[in-house]
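Working through the structure, step by step
The chain contents come next:
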Amino acid sequence: GESVGLHLPTLSVQEGDNSIINCAYSNSASDYFIWYKQESGKGPQFIIDIRSNMDKRQGQRVTVLLNKTVKHLSLQIAATQPGDSAVYFCAENLNSGYALNFGKGTSLLVTP
Amino acid sequence: DGGITQSPKYLFRKEGQNVTLSCEQNLNHDAMYWYRQDPGQGLRLIYYSQIVNDFQKGDIAEGYSVSREKKESFPLTVTSAQKNPTAFYLCASSIEGHLDEQFFGPGTRLTVL
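Because the structure is predicted, anything quoted here is derived from the model rather than measured. For every chain, the first residue of the written sequence is number 1, and numbering continues from 1 along that sequence. Each chain gets a letter, beginning with A, and each ligand a number, beginning with 1, in the order they are written. Only residues with pLDDT of 70 or above have their local features reported here, since the model is predicted, and side-chain atom pairs are shown and tallied only from 80 upward, although totals for entire chains, interfaces and linings are computed over all residues. Based on all heavy atoms of the structure, the side-chain values leave hydrogens and waters out of the count.

It is worth spelling out the state of the cysteines at this point. Here, two cysteine sulfur atoms that lie within 2.5 Å of each other are counted as a disulfide. Applying the stated rule across the entire model yields two disulfides over all chains. Between the sulfur of A:Cys23 and that of A:Cys90 lies a disulfide, 1.9 Å long from S to S. With the S-S dihedral at roughly 55 degrees, the linkage between A:Cys23 and A:Cys90 falls on the right-handed side. Linking A:Cys23 in strand E3 (residues 19–25) with A:Cys90 in strand E9 (residues 86–94), this pair joins segments that are 67 residues apart in sequence. Taken as a pair, A:Cys23 and A:Cys90 share a single burial class, namely buried. Between B:Cys23 and B:Cys91 runs a disulfide, and the two sulfur atoms are separated by 1.9 Å. Of note, the bridge from B:Cys23 to B:Cys91 carries an S-S torsion of about -75 degrees and is left-handed in sense. You can see B:Cys23 sitting in strand E3 (residues 19–25) and its partner B:Cys91 sitting in strand E9 (residues 87–94), a full 68 residues away along the chain. Here a strand is any run of E in DSSP of at least two residues, a helix any run of H or I of at least four, and the numbering for each starts at the N terminus. Residue exposure (1.4 Å probe, protein chains only): buried if accessible area is under 20% of the type maximum, exposed if over 50%, otherwise partly exposed.

Our focus in this paragraph is the sheet that holds strand E1 (residues 4–7) of chain B. Residue and element names in this part refer to chain B. Strand order in the open sheet formed by four strands is E1-E3-E8-E7, with antiparallel pairing between adjacent strands. Strands with a single pairing partner mark the edges of an open sheet, and in this sheet they are E1 and strand E7 (64–66). Put simply, the sheet's adjacent strands are angled 20 degrees from each other on average, direction ignored. In short, DSSP must find at least two bridges between two strands for them to pair. One ladder, built from four bridges, connects E1 with E3; its direction is antiparallel. For glutamine 6, the partnering residue across the bridge sits in E3 and is cysteine 23. Only the contacting stretch of a helix is used when fitting its axis, a line to C-alpha atoms as for every element, and angles between N-to-C directions run 0 to 180 degrees.

Another aspect to go through is the interface of chain A and chain B. One widely used convention gives an interface's size as the accessible area the parts lose upon coming together. We call two residues in contact when some of their heavy atoms are within 4.5 Å. Contacts between the two partners involve 23 residues from chain A and, on the opposite side, 24 residues from chain B. Any Lys or Arg side-chain nitrogen found within 4 Å of a carboxyl oxygen on Asp or Glu counts as a salt bridge. Linking chain A with chain B are zero salt bridges. A 3.5 Å cut-off defines polar contacts: any pair of N or O atoms within that distance qualifies, except that in protein one atom must be a possible hydrogen donor and the other a possible acceptor, and neighbouring residues in sequence count only when both atoms are side-chain atoms. Put simply, chain A and chain B have four residue pairs in polar contact (both at pLDDT 80 or more) between them. Put simply, the parts of the chain that give the side of chain A that touches chain B at least two residues each are strand E4 (30–38), strand E5 (45–51), E9 and strand E10 (100–102) of chain A. At five residues, the largest contribution of residues to the side of chain A that touches chain B is made by E4(A).

Below you can see the structure in the form of structure tokens.
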């Protein structure tokens, strides 16, 4: 079946730099996308979401970009901090579906 | 405080035993979900429920069972038919389902001895 995937399994950035985490999806019927942050041993925490009728959405220090033409989703974190170190998952919700399809995650490591 | 809770945090089970994981939410959400997470992997859907007394199989339902007798509760039973049950189990809820953020509980780590 179609699935969500991530380009890079790990990403290391220096504190204060901007981070970009990418995600590719293959189901053109997906109409809702979410980014989650998961710290070790804990449940995922919501970061930001975007619907397919938008191409950009901003939150506090985070921006999600959606490119439906190439089926690509990215999460940008500005001024990355040590507390941002975690695994980041993108997830898609298929049109009229009720469950999220998760990617495998990208591990973000922020070094001082 | 509103939220979603799971218990226990750690659970050990002998092979051949059934075990039930608890999930409770006081967010007044209609939809609830169970996911399984293996090391270094994403989340895979086991079961979900859109409303009370109704639930549907997810991608990996074999060896699991659920019930939804109350809006607040969605317990998951891992049966002896589940061949590889050791994993991190996550429960989530959302207001309705489609186009809604899912709120996750803290998870239960199940280890089969």
